[in-house]
Amino acid sequence: IRSVDMSDPATQALQPRLLQAQSSGSAGSGAAAAGSGTGNSDPVRPGLSQQQRASQKKAQVRAFPRAKKLEKLGVFSACKASDTCKCNGWKNPNPPSATRIDLQQQAASLSEPCRSCGHALADHVSHLENVSEDEINRLLGMVVDVENLFMSVHKEEDTDTKQVYFYLFKLLRKCILQMSQPVVEGSLGSPPFEKPNIEQVIQSLLQYKFSHLAPKERQTMFELSKMFLICLNYWKLETPTQYRQRTQKDDATAYKLDYTRWLCYCHVPQSNDSLPRYETTQVFGRNLLKSIFTVTRRQLLEKFRVEKDKLLPEKRTLILTHFPKFLSMLEEEIYGENSPIWEADFTMPASESTQIGHQTAVISPTSASGSPALSKCLNSSSSLGSTDTGGVEPITGDKRKLPEALTLEDAKRIRVMGDIPMELVNEVMMTITDPAAMLGPETNLLTPNAARDETARLEERRGIIEFHVIGNSLSQKSNKKILMWLVGLQNVFSHQLPRMPKEYITRLVFDPKHKTLALIKDGRVIGGICFRMFPTQGFTEIVFCAVTSNEQVKKGYGTHLMNHLKEYHIKHNILYFLTYADEYAIGYFKKQGFSKDIKVPKGRYLGYIKDYEGATLMECELNPRIPYTELSHIIKRQKEIIKKLIERKQSQIRKVYPGLTCFKEGVRQIPVESIPGIRETGWKPSSKDKGKEVKDPDVLYNMLKNLLAQIK
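Here, residues in each chain are numbered from 1, in the same order as that chain's written sequence. Local features in this predicted model are restricted to residues whose pLDDT is 70 or higher, and side-chain atom pairs enter the listing and the counts only when it is 80 or higher, whereas totals over whole chains, interfaces and linings include all residues. Values reported for side chains reflect all heavy atoms of the structure, with hydrogen atoms and water molecules removed beforehand.

1. Concerning the nonpolar core
Working step 1: Take the buried Ala, Val, Leu, Ile, Met, Phe, Trp, Tyr and Cys residues and link them wherever side-chain atoms come within 4.5 Å; each set so joined is a nonpolar core. Relative accessibility decides the category of a residue: with a 1.4 Å probe and only protein chains considered, values under 20% of the type maximum give buried, values over 50% give exposed, and everything between is partly exposed. L168, F228, F323 and F326 are the most contacted members of the largest nonpolar core, which totals 88 residues.
Working step 2: Put simply, the parts of the chain that give this core at least two residues each are α4 (66–74), α6 (133–155), α7 (159–178), α8 (198–210), α9 (215–234), α11 (253–267), α13 (286–306) and α14 (313–335).
Working step 3: Residue contributions to this core peak at ten residues, all from α6.
Working step 4: What counts as a domain boundary in this text is fixed by an automatic or database domain assignment. Residues lining this core come from more than one domain, with at least three contributed by each of domain 1 (50–92 + 109–178) and domain 2 (198–335).
Working step 5: It only takes one pair of heavy atoms within 4.5 Å for two residues to be counted as in contact. Setting aside its immediate chain neighbours within four residues, L168 contacts L149, V184, C264, V268 and L275.
Working step 6: Counting 29 residues, the second-largest nonpolar core is a separate cluster that includes L519, I526, I586 and L622. Elements are defined by DSSP. Helices are runs of H or I of four residues or more, strands are runs of E of two residues or more, and each kind is numbered from the N terminus.

See the structure below:
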């Protein structure tokens, strides 16, 4: 398909409009004419402006007098004067010039002869004599769409896209001629093309990841997911040629098929509504999403960053700060092999899910005013799993509540002098969460300085590992799976703790007073922490802690286990751990925040916990305001933010001053604030201790030496 047939009367009639568009540049690119949309004021719906222009044009044409409407349809109507006449469209003997194409032209008379066949206009439109006004207006709508597609065919540079535009141009041209409904035919198939579709999967993601959140936070997640669906429905996909260049794949047949389907059923019908239109997110699923997600994510974040000033103030923080994190979590589910949300019959257990509704429309469109603190819920994975049978402590994903003494306002960071404006923090957050600006998506690559538990955290999100609090029960019927896991835990502890008698391990693991946080991988136990809670005494004793040796290497399972145990105990309002650690375990417990400095009064634990010969008693105090399973990730982000803020500050004050010369002139001492550049760094002289004399050097030395030792 190299050119449009110029002998076609409709094509000749459209030439002046093409010339006008080329001279004025008003038509934009061919893709824009077909409805991709550029230069639109709404960054969330990039295709809306073309849709609006097409609607306005159709409204103008449908407001024409009847005679003018017939003239316009005559251009696309075959001559019926005689069976021998082959003219397939009336040609105006006095065609308008390109400069006057949009001015109100006087309607041609029905007796006006055709420039091609000589028969009157009435002979071309005789079949429309008794047609209703609604049908005339429907046909006129197709005429406007044909004009749009004609422009697109001529201006589009991509071959694959041009072919689709030309096919749709001919389809609508034929439908006007036959007064029929347009139906896309061929090997493309009929929508929907994949099940479950993207919209259903996003609903499953909301249930899977966020159903346990408080209503306000859940509403915020709904807003983010709804925004993603809107963006995807109006986004212009890359062409098959661009896809091949980006992915370095020689065979892009599957993507080309999806791209053609998307053009015919989703993209072009946005501004050419004579064609049946479907939402991208309702007819496509995982295959298309896997093909386009990485590039679409990068383009989306870049567009929001460039057009952030156009966003509503209450939406800016939501989009710039939390949307990138939402996309990162979605990316894990798209490319993760074991993600359950792609299952057609995906459901959440009643105890863990909240009814979200089937369609996107049920998500309240109200804007989230003042985004809640989502640093934890946006990064957190599914909560600790649970089994719905006896012997298992049900661990639902309910968000931890603040202690009664702490209000929500107390939990928020107190504003102090010198605080960094939130706008600046948001701007920095956009930089460190943008895959294009950093090394790549954090879910795909682990940086050399990744936290110990980063691998374990990612594996939990992808469903590779699970955590369950289990225990034996004498009051309920034994569950086979739980008993098998308990036997597995007994074997792990016996193998990893050879100095412990196996009978002793068995007795405690199966003791109903003891519970164990089990780490499950591929259905088998690979680690766990056995503990006994003493709620009346306000502490828990950790009895055994072990991970199988072949799973210990650089995966952070031990750290992630302990962090889950801390979160579990905070929910149960127990804030102290006590344990006896042997010489080999002291290092591990120190890394988990344990100390030999025992704050729990001896009277509270003496006689309650088991005493081990040659072991050291250690304690860990829990802070209910710390999300332990995400702590290392949060600290990493904080470090990245601080680093970027320091870089910004350095770029602002990077000025080299000449050295001080006053000391050569005999001056022994000068005020610190008089050094050039000091004040520009933000330093301020302290009002404290100005009148005090300098401490004795020996005293100062000993004090600093002691301080340094404590810091180390």
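2. Here we look at the environment of F594
Working step 1: One can find F594 in the loop between α21 (586–591) and α22 (602–605).
Working step 2: The spacing of F594 and L622 is 28 residues in sequence and 9.9 Å in space, taken between C-alpha atoms.
Working step 3: When residues no more than four places from it in sequence are discounted, the contact partners of F594 are I542, M562, F577, T579, F589, M618, E619 and C620.

3. Brief notes about the packing of α4 against α6
Working step 1: Running from amino to carboxyl end, α4 crosses α6 at an angle of 50°, the nearest separation of the two axes being 10 Å. Our classification of the angle between α4 and α6 gives oblique. Note on packing geometry: the crossing formed by α4 with α6 is left-handed. Here α4 contributes R66, K69, K72 and L73 to the contact with α6, which in turn contributes E133, I136, N137, L139, L140, V143 and E147.
Working step 2: Polar here means any residue outside two lists: the nonpolar Ala, Val, Leu, Ile, Met, Phe, Trp, Tyr, Cys and Pro, and the charged Asp, Glu, Lys and Arg; Gly therefore counts as polar. Here the contact of α4 with α6 is built from residues that sort into five nonpolar, one polar and five charged. An axis is simply a line fitted to the C-alpha atoms; with a helix, the fit covers only the stretch in contact. Between two such axes, the angle follows the N-to-C directions and lies from 0 to 180 degrees. Under this scheme an angle from 65 to 115 degrees is roughly perpendicular, one under 35 degrees roughly parallel, and one over 145 degrees roughly antiparallel; angles in between are oblique. Handedness of a crossing is defined here by the sense of rotation of the near helix relative to the far one, left-handed for an anticlockwise turn of less than a right angle and right-handed for a clockwise turn.

4. Describing a nonpolar patch on the surface
Working step 1: A patch is a set of surface residues, each over 30% in relative accessible area and not in a salt bridge, joined within 9 Å for like charges and within 5 Å for the nonpolar side chains Val, Leu, Ile, Met, Phe, Trp and Tyr. With residues, only the protein chains shown are counted as cover, and all accessible areas are computed by Shrake-Rupley using a 1.4 Å probe. Definition used for salt bridges: Asp or Glu carboxyl oxygen within 4 Å of a side-chain nitrogen of Lys or Arg. Together, L660, F663, V667, V672, I675 and W683 give the surface a local cluster of nonpolar side chains, amounting to about 460 Å² of exposed area.
Working step 2: By the element assignment, I675 lies in the loop between α23 (631–653) and α24 (697–711).
Working step 3: Accessibility expressed as a relative area gives 30% for I675, which makes it partly exposed.

5. With respect to the side chain of Q592
Working step 1: Within the secondary structure, Q592 is located in the loop between α21 and α22.
Working step 2: With relative accessibility at 4%, the residue Q592 sits in the buried group.
Working step 3: Any pair of nitrogen or oxygen atoms within 3.5 Å is treated as a polar contact; in protein, a donor-acceptor pairing is required on top of that, and neighbouring residues in sequence qualify only through side-chain atoms on both sides. Of the polar contacts made by the side chain of Q592, one reaches the side chain of T559; its length is 3.3 Å.
Working step 4: Non-local contacts of Q592, meaning those with residues more than four positions away in its chain, are made with R452, T559, M562, K566 and C620.

6. A short note on the sheet that holds strand β2 (residues 515–521)
Working step 1: One open sheet holds the six strands; their spatial order is β1-β2-β3-β4-β5-β6, and the pairing between them is mixed. What marks the edges here is a single partner per strand, and that holds for β1 (465–470) and β6 (616–621). Averaged over all pairs of adjacent strands, the angle between their axes in this sheet comes to 25°, without regard to strand direction.
Working step 2: In short, DSSP must find at least two bridges between two strands for them to pair. Sheet analysis places β2 next to strand β3 (residues 524–534), joined by seven bridges and oriented antiparallel. When the bridges of β3 are listed, T516 appears paired with C530.
Working step 3: Of the strands in this sheet, β1, β2, β3, β4 (539–547), β5 (576–581) and β6 are in contact with helix α20 (residues 557–571), which crosses β3 at around 35°.

7. Points about helix α18 (residues 480–496)
Working step 1: Working rule for helices: expected span equals 1.5 Å times residues minus one. Counted at 1.5 Å a residue, the expected span for α18 with its 17 residues is 24 Å, and the 24 Å between its end C-alpha atoms agrees.
Working step 2: Among the residues of α18, those classed as buried are I482, W485, L486, G488, L489, Q490, V492, F493 and S494.
Working step 3: Looking at the packing, one finds that the buried side of α18 touches β1, α19 (502–509), β2, β3 and β4.
Working step 4: Of the residues flanking the start of α18, the one acting as N-cap is N479, its side-chain oxygen 2.9 Å from the backbone nitrogen of K481.

8. A word on the packing of aromatic side chains
Working step 1: In this analysis, rings of Phe, Tyr and Trp, with Trp reduced to its six-membered ring, are considered paired at centre separations within 6.5 Å, and the interplanar angle assigns stacked below 30 degrees, edge-to-face beyond 60, and tilted for intermediate values. All told, the structure shown has 21 aromatic pairs when counted by the stated rule.
Working step 2: Aromatic side chains Y243 and Y255 sit 4.3 Å apart centroid to centroid with 15° between the ring planes, which places their arrangement in the stacked category. One end of the pair, Y243, is in helix α10 (residues 240–247); the other, Y255, is in helix α11, with twelve residues separating them in the sequence.
Working step 3: For Y255, a relative accessible area of 3% puts it in the buried group.

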